[in-house]
Every structure is written in C-alpha cells, then in structure tokens.
Amino acid sequence: MDIQTLRDRHPDHWMRATAIRALTLDAVAAANSGHSGMPMGMADVATVLFANHLKFDASAPRWPDRDRFILSAGHGSMLLYSLMYLTGYADMTLDQVKNFRQWGAITAGHPEYGHVSAAETTTGPLGQGISNAVGFAMAEESLRARWGAKVQDHYTYVIAGDGCLMEGVSQEAIGLAGKLQLSRLIVLWDDNGITIDGKVSLSDVTDQAARFTASGWDVFSCDGHDPEDIDRAITAAKASPRPAMIACKTHIAIGHAAQGTSKGHGALTDKAQLQAAKDGYGWPGGPFEVPADVKSWWEAVGARGAVDRAAWESRLESLSLAKQTEFARIFAGDAPNKLSATIRAVKKQAVEDLPKLATRAASEKVLAAVNPVCQETIGGSADLTGSNNTKTADLGVFSAEDRKGRYVYYGIREHGMAAAMNGLALHGGVRAYGGTFMCFTDYARPSMRLSALMGVPVVYVMTHDSIGLGEDGPTHQPVEHLAISRATPNTYVIRPADLVETAEAWEIALSTKTTPTVLALSRQNLPAVRKTHTNQNLVSKGAYVLAEATGKRQVILMATGSEVEIALKARDLLEAEGIGTRVVSMPCQELFAEQDAAYRRKVLPPGAVRVAIEAGVRFGWDTWLFGEGGKRDKADFVGMQGFGASAPAERLYAEFGITAEAAAAKAKALL
C-alpha cells in the first residue's frame, strides 16, 4: 500500500505510526549516526502489534506475565525507543530520545538489557534476538505447565530482518523451535529485500517461507504497511499450533528519498531530504514534536495493560503464601534456602569417600543432589548428554509432549543452545545450564559474550577441558579456550580439581545473579585433593592454600583442575629435597581477583618462586606469576605451547612436559 492510499484509508493509524518515523528521523539526525530505515519501514507493523495485540503495561515494565517483545534487528533501536517514549515508559523521556547514542544516555546504538526497561535482551549482533526468543518461549511453556495459565500465559513477539535470518544461528534456533512446537512464538520478518550492500538478491536466494515451513513453523504473510492486513496476519499467527513467522512486506525508509535502497538502511541525516519526507507524511511540527492527540492515544495504549496486570496480581494473590513466596524467589533469581545445606552434604560425603572421579562425573553427582532442590533449573546438552553428564534422573525431558520436563535435547546446536539459554535466563523464573565440549565454546562464543555483557547467570558446562581428553586429538583438545573465556569480562571461569571443588563451583554458579559461569570439567578421572571437610566455600575465594610448605617456604605451585594433582606430586618431590613448597589451588582467577589485597597477599606472599601448572596456554597467568609480589625472573609456567595431538592422555601429558618432574625441575631452576 502506497503512502497516499494509506493516508486516505487509515488516517489515524497513519499519524500514529508516523510518530515513530518522525522521532527516528529526528534522533538519527541529531546523533548524526544510527539506522533510520528499519524503524520507518516497520512502524506500521509495530503500531498494530502494540495497539491490538501486545500485553504490556508501560508503568510496570517487568511484570512477569507480560508479552515479550524482542527487537532482533537491534540496529533499528529507535523503533523501540520511540515506542517506549510514546507509550509512557518512565525511563524513556524525550531528553533520552534527543540524546540517542550519546554518552550517559540509556538510548544506546543497539538496545541493551538493563539500560532501558523494555529491552528484554541485548540485540544488535544479528540473529541473537530471534535465537534468544526461542529460550523466552521455552521458559513460558515450562512455567505455564508448572504454575498454570493463571500465572504464566503470554506470547513472545520478535521483529527480525534479513540479516537475522541469514546468520547461521537463526537456523539452529528455528529448527529447535519447530521441533518443540513453541506456539507462543511469533516472528515478524521485515521483508524489505535490502541489506547494507544492496538488494538481498546480491547474496541470497533462500525462500524464507519454505525454510520456516520445512523447520516446522506455520508461515503467514501481509502487506507490512496495511494495518488491517497486519492485524489479520497476527491474529492468525496467534491461533497457530506451531511457532509462526509472518513475512511483512515493507519498504525500507518508506517516504524518504532513500526508500527501497541500501542507503535507507543507515543514517538519513540530510536536512532537506528529512523535511521532504516529513512533508510527504503530512507530519506537522518541528524536531521531536508529537501532536498532543497522537501522544495521548499512544499513552492510552501504554496504560491499557494495567487492567490485565491487576487481574494477574489478583490471581497470584489467590495462591497460597508458600507458592507466592516461591514464585517471587524464582523471579528474583534467589537460590533456594536448601542449596547451601545440600552442597555441604555433598562435600561431607565426598571427604568421607574420597572418590576418584572425572569432574564431569562429579558435576553429575552434584546436579543429582541439587536439581531436586532447585526446581527452577532447566538443563541440556548439545548432543553430548552422556559425555557432559548434564542429565539427572529427576528432570524428565522438555518436549512438545511434556512441558514439565526440565532437560532439553538441543541437538548439534551449540550456538543455538547458548542463545536459547540466554533467553531462558532473561525471561525469569528459570535457571539455565547446558553442556558441550570445552573446545566448542568457539561455536557458542557470541552468545557467551552476550551472557557476560547482559549479566545473566547462565551456566556453561564445558567438559573435556584439556589434552586430557586424549585420543580425539587436537581438533577437540582445548588449549586456548580457558584463556579466551577468562579474557571475557564479567565471566566466572571455574576449573575444579575434584568433587568438593565441583560442588562449591555449582553453589557459586547457582547463587550468582549477574555473572555467567563457565565450568571447565575433565574427561579423565582425578583423585580427591580436598580431604578435610569445611563448611566454607573455598572456591568462592578463587584461590586458596591447599597444601602448605613444611619448612621454609621457597616455592609456590599454582594449579587448576586436573593439574592440581600434578602440583601436589611436584610438592612431594621438592619437599623430599628439603625445599619448602606451598600448593595453591586456583579454580577461579576472577573470584581471586575480587578478594581484597590482604587475602591475595596471604595466598601469594612475595619471596618464594612461583610456577603455574595448567594444561592450556600461558596467556593470563603472568598476572599471578609476576604480579602480586612476584618477580619475572622468579616465575615459570608448565603447560601447552601449541596444539595437542592424538594419543592416550598419559602419553600426551608426558610428551608435552606437563608432569610433576617438569614442574619440580622448573621450580628448582628458579631458586
């Protein structure tokens, strides 16, 4: 539908949608930066969605039973910011819109979770939003099954563009959603045929409708500028028994000189062209001005959901006090009161039994104790359940047939799994963990980075964490992956040495609210190294003294995970020669860095030579070898210099020199 026909047939809708276009043009022009075309092109779709379908209350942005709206095409952030300002979100003032993309403003270039109240997730890296949305929809299905439709009953809507659908993670996501029949998930595809380089046909021939259909979705289409046709399509999609995609045929940068061109994707800042577009729209007023009747209509849309929210609050209050308290707890992200006692019991039993276990198997033991206590956990694996040891007997399987199941078979979709887990965590009410091999963090990296950026407590169970996995060889042996994970801000990378440390690691992972955790777990069996019970969580300190020097302390050996055993054996060799040697287990460098200087100095005092032992690359270890009172000429590292090889683990450790003898020799050479 062309502009004149739209203005003639739907004059009120036209002005309301054009408020989004005008604010977008003004904000991008003021910033001299941004993306104008998508908000302009999808303004009609967004107006119909918010006015006729979306269940939300602008005065209560985090209401647990609201519909979720995800702008996967995050470069078009002014669409979201305009809608927030128009509908009356308290945090989205006109000054925030005017300061789009400026220092100190919440109106970042791409929507950021935690900055603006209506941003359900951080989008911008294309494909992430639509993939997160699968997790949101999974959480809604799970919670509705467990709590009932009176408490959880809502949709997840996504606006996605061609870029989102081209990114490979989108296929992982839509394939999973189709298999799980997530009928409350609706994707609105901005089908404008344009990318930055030019027409989509320059680089792609995919029949997107056929692709979604083949993946188990129902597919609809509409004229993305005709409000009646848009409404019809959304209504039909909501009635679908499967996830739904609506192909919304639109003009990028509609009404502007750049309409239908790649130039329309970016910042449209030419003053004459901007004014000509507004004149063509019939838009009155100057920059950032919205007619009072249009603004009041939008504010009424934003307030309409207060009735639904009040009714929901009444239904929640009808539950028993215990259920209300539990619901509040899981949405607050608080750990259950029984968690600490459960972990202590696991630790106490471990000290009595002193089992020789791979830490992946130790993790399974912890989960077997914890999952019945933390009923909000939803676990899974990217087709490595038996190797990651992530499924416990009590979970059941989350599927189209059983929404109460708490274990997800993600298939060979590491990236899609990580993105879905972000969505699960962001939805609220659940704790997500999922496993794959440590080496395949490479496949999950973009979503793991966003976990950290957003501050969501997803748990990444990464097993087969070193050359210790053996015969699968260097393609599967991670050497740089610990360093990569540690280099990511706001991430706890915990590499436990035995069952006790693994239990403490899980307690941390299930208690934190704002930090994702990477658990690096061994394939090979490891001896117990913590042999005395303590209620204190020593892993929470990041590093601690595991074995003290018997005489004058001359050497400090630092190690993580499977190499703690090697450090203890090296200590025995050195002590036998009268060289006083302390062993420091350092399962989490990030937590150690958070401790005060006095504690760090107590664990790593100056004076002694230092050797770090880890079956990975050295990168990152110099902080603890040279810093904190250490000296460059009195420190060394035992680990990997390059990639691994295919052979049994014992042979690999010997060939690469990661042995007690090598560690002891390096320590003596420094004395």
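Read on for a plain summary of the structure. Each chain has its residues counted from 1, following the order in which its sequence is written. In keeping with the model being predicted, local features are shown solely for residues with a pLDDT of at least 70 and side-chain atom pairs are shown and tallied solely at 80 or more, while totals for entire chains, interfaces and linings include all residues. Heavy atoms from the whole structure form the basis of all side-chain values; hydrogens and water molecules are not counted.

Notes on the pairing of strand β13 (residues 517-520)
Residues in a regular strand project their side chains so that they alternate between the two faces of the sheet. Put simply, the rule is: Relative accessibility under 20% of the residue-type maximum defines a buried residue, over 50% an exposed one, and the middle range a partly exposed one, all with a 1.4 Å probe and only protein chains included. Comment: elements are numbered from the N terminus, with helices defined as DSSP H or I runs of at least four residues and strands as E runs of at least two. DSSP-based pairing: two strands are paired if at least 2 bridges between them are found. If the strands point away from the viewer and the path from the first strand over the helix to the second runs clockwise, then the crossover is right-handed.
By the alternation rule, side chains of β13 split into T517 and L519 and V518 and A520, which are all buried. Direction of pairing for strand β11 (residues 459-463) relative to β13: parallel, over a ladder of four bridges. Counted as the bridge partner of M462 is A520 from β13. Handedness of the crossover joining strand β12 (residues 492-494) and β13 through helix α21 (residues 499-509) is recorded here as right-handed.

Digging into the sheet that holds strand β1 (residues 68-71)
Convention followed: Angles run from 0 to 180 degrees between N-to-C directions of axes, and those axes are lines fitted to C-alpha atoms, restricted for helices to the stretch in contact.
Strand order across the open sheet formed by five strands is β1-β2-β3-β7-β6, with parallel pairing between neighbours. This sheet does not close on itself; its edge strands, each paired only once, are β1 and β6 (218-223). Strand-to-strand twist in this sheet, taken as the mean axis angle between neighbours without regard to direction, amounts to 20°. Alignment of strand β3 (residues 185-191) against strand β7 (residues 244-249), held across six bridges, turns out to be parallel.

Some thoughts on the sheet that holds strand β10 (residues 431-437)
Going by this rule: Residues are treated as being in contact if the distance between any of their heavy atoms lies within 4.5 Å.
Reading across the sheet, the six strands line up as β9-β8-β10-β11-β13-β12 and stay open at both edges, with parallel pairing between neighbours. For this open sheet the edge positions go to β9 (407-409) and β12, each flanked by a neighbour on one side alone. Strand-to-strand twist in this sheet, taken as the mean axis angle between neighbours without regard to direction, amounts to 20°. Packing against the sheet, helix α19 (residues 441-454) makes contact with β10, β11 and β13, and its axis sits at approximately 155° to β11.

Things to note about empty space enclosed by the protein
Unoccupied space between atoms shows up once a probe the size of one water molecule is rolled over them. Inclusion rule: The distinction between a cavity and a pocket rests on a 1 Å grid over the protein atoms alone: a 1.4 Å probe fits inside a cavity but cannot get out, while a pocket stays open yet meets protein on both sides within 12 Å along at least five of seven lines, and a residue with an atom within 4 Å of a point counts as lining. Grid points are joined across faces, edges and corners, and a volume is the space filled by probe spheres set on the points. Amino acids outside the nonpolar list (Ala, Val, Leu, Ile, Met, Phe, Trp, Tyr, Cys, Pro) and the charged list (Asp, Glu, Lys, Arg) are all regarded as polar, and Gly is one of them.
Evaluation of the coordinates by the stated rule reveals four cavities of 30 Å³ or more. Looking at the largest cavity, its volume works out to about 130 Å³. For the lining of the largest cavity, the class distribution of residues is nine nonpolar, one polar and five charged. Considered as a void within the structure, the second largest cavity measures approximately 50 Å³ in volume. The wall of the second largest cavity is formed by F69, I70, L71, L80, P111, A118, A119, E120, T121 and T123. By residue number, the principal contributor to the lining of the second largest cavity is β1, which donates three residues. Tallied by class, the residues present in the lining of the second largest cavity amount to seven nonpolar, two polar and one charged.

Some thoughts on helix α7 (residues 128-147)
Cut-off, in case you're wondering: Helix span is expected to be 1.5 Å times the residue number reduced by one.
Taking 1.5 Å per residue, 20 residues should reach 28 Å; α7 reaches 28 Å between its end C-alpha atoms and fits that length. G148 lies just past α7 and shows a positive phi near 95°.

Focus: the pairing of strand β15 (residues 553-559)
Most of β15 sits inside the fold, with five of its seven residues counted as buried. In terms of strand pairing, β15 meets strand β16 (residues 580-585) through six bridges, oriented parallel. Looking at β16, one finds that A559 is bridged to S585. The parallel pair β15 and β16 is bridged by helix α22 (residues 564-576), and the resulting crossover is right-handed.

Details of the environment of Y443
Its place among the elements puts Y443 in helix α19. When the C-alpha atoms of Y443 and G282 are compared, they prove to be 49 Å apart, with 161 residues separating the residues in sequence. If we ignore the near neighbours within four places in the chain, the residues touching Y443 are E414 and H415.

Concerning the environment of I234
Its place among the elements puts I234 in helix α11 (residues 227-238). Once the C-alpha coordinates of I234 and F220 are considered, the two residues, 14 residues apart in sequence, prove to be 8.5 Å apart.

Thoughts on the nonpolar core
Where we set the bar: To qualify as a nonpolar core, a set must consist of buried Ala, Val, Leu, Ile, Met, Phe, Trp, Tyr and Cys residues joined through side-chain atoms within 4.5 Å.
In this structure, F69, M92, L188, I246 and W298 are the most contacted members of the largest nonpolar core, which totals 72 residues. If you tally residues by element for this core, the top one is helix α2 (residues 11-31), at ten residues. Ignoring any residue separated from it by four or fewer positions in sequence, one finds F69 in contact with L49, F50, L54, L80, A118, E120, Y157 and I159.

Focus: the packing of α7 against helix α9 (residues 168-180)
Our working rule: The cut-offs work like this: below 35 degrees is roughly parallel, past 145 is roughly antiparallel, 65 to 115 is roughly perpendicular, and the gaps in between are oblique. The hand of a helix crossing depends on one turn: near helix anticlockwise from the far one by less than a right angle means left-handed, and clockwise means right-handed.
α9 packs onto α7 with a crossing angle of 25° between their chain directions and a minimal axis gap of 8 Å. Judged by the angle between their axes, α7 and α9 are roughly parallel. When you trace α7 past α9, the crossing you get is left-handed. In this structure, α7 contributes I130, S131, V134 and M138 to the contact, and α9 contributes V169, S170, A173, I174, L176, A177 and L180. Here the contact of α7 with α9 is built from residues that sort into nine nonpolar, two polar and no charged.

Examining the packing of α2 against helix α12 (residues 271-281)
When two helices pack together, their arrangement is captured by the angle between the axes and the distance separating the axes. Where α2 contacts α12, the axes come no closer than 11 Å and their chain directions differ by 175°. It follows that α2 is roughly antiparallel to α12 by the angle criterion. Residues W14, T18, R21, A22, L25, D26 and A29 of α2 lie in contact with α12, whose contacting residues are L274, A277, K278 and Y281.

Brief notes about the packing of aromatic side chains
So the rule is basically this: Classification of ring pairs rests on two measures: the distance between centres of Phe, Tyr or Trp rings, Trp counted by its six-membered ring, which must be within 6.5 Å, and the angle between planes, read as stacked under 30 degrees, edge-to-face over 60 and tilted in between.
With the rule as written, the count across this model stands at 17 aromatic pairs. Here the aromatic rings of Y407 and Y409 are separated by 5.3 Å at their centres, their planes lie at 75°, and the arrangement is edge-to-face. Residue classification places Y407 among the buried residues on the basis of a relative accessible area of 0%. Plain terms: the ring middles of F592 and W624 are 5.1 Å apart, the flat faces sit at 55° to each other, and that makes the pair tilted. Of this pair, F592 sits in helix α23 (residues 589-594) while W624 sits in helix α25 (residues 622-625), and the two are 32 residues apart along the sequence. Here F592 and W624 have matching classes, each one buried. Ring pairing ties together the aromatic residues F50, F56, F69 and Y89, which thus form one cluster.

Let's talk about the pattern of salt bridges
Keep this limit in mind: For this analysis, a salt bridge means a side-chain nitrogen from Lys or Arg found within 4 Å of a carboxyl oxygen belonging to Asp or Glu.
On inspection of all chains with the given rule, the structure shows 35 salt bridges. Residues E141 and R144 are paired through a salt bridge, measuring 2.9 Å at the closest nitrogen-oxygen approach. With E141 and R144 both in helix α7, this residue pair falls three residues apart, about one helical turn. Classification of E141 as buried rests on a relative accessible area of 5%. Salt bridges sharing common partners tie together E140, E141, R144, D153, R184 and R403.

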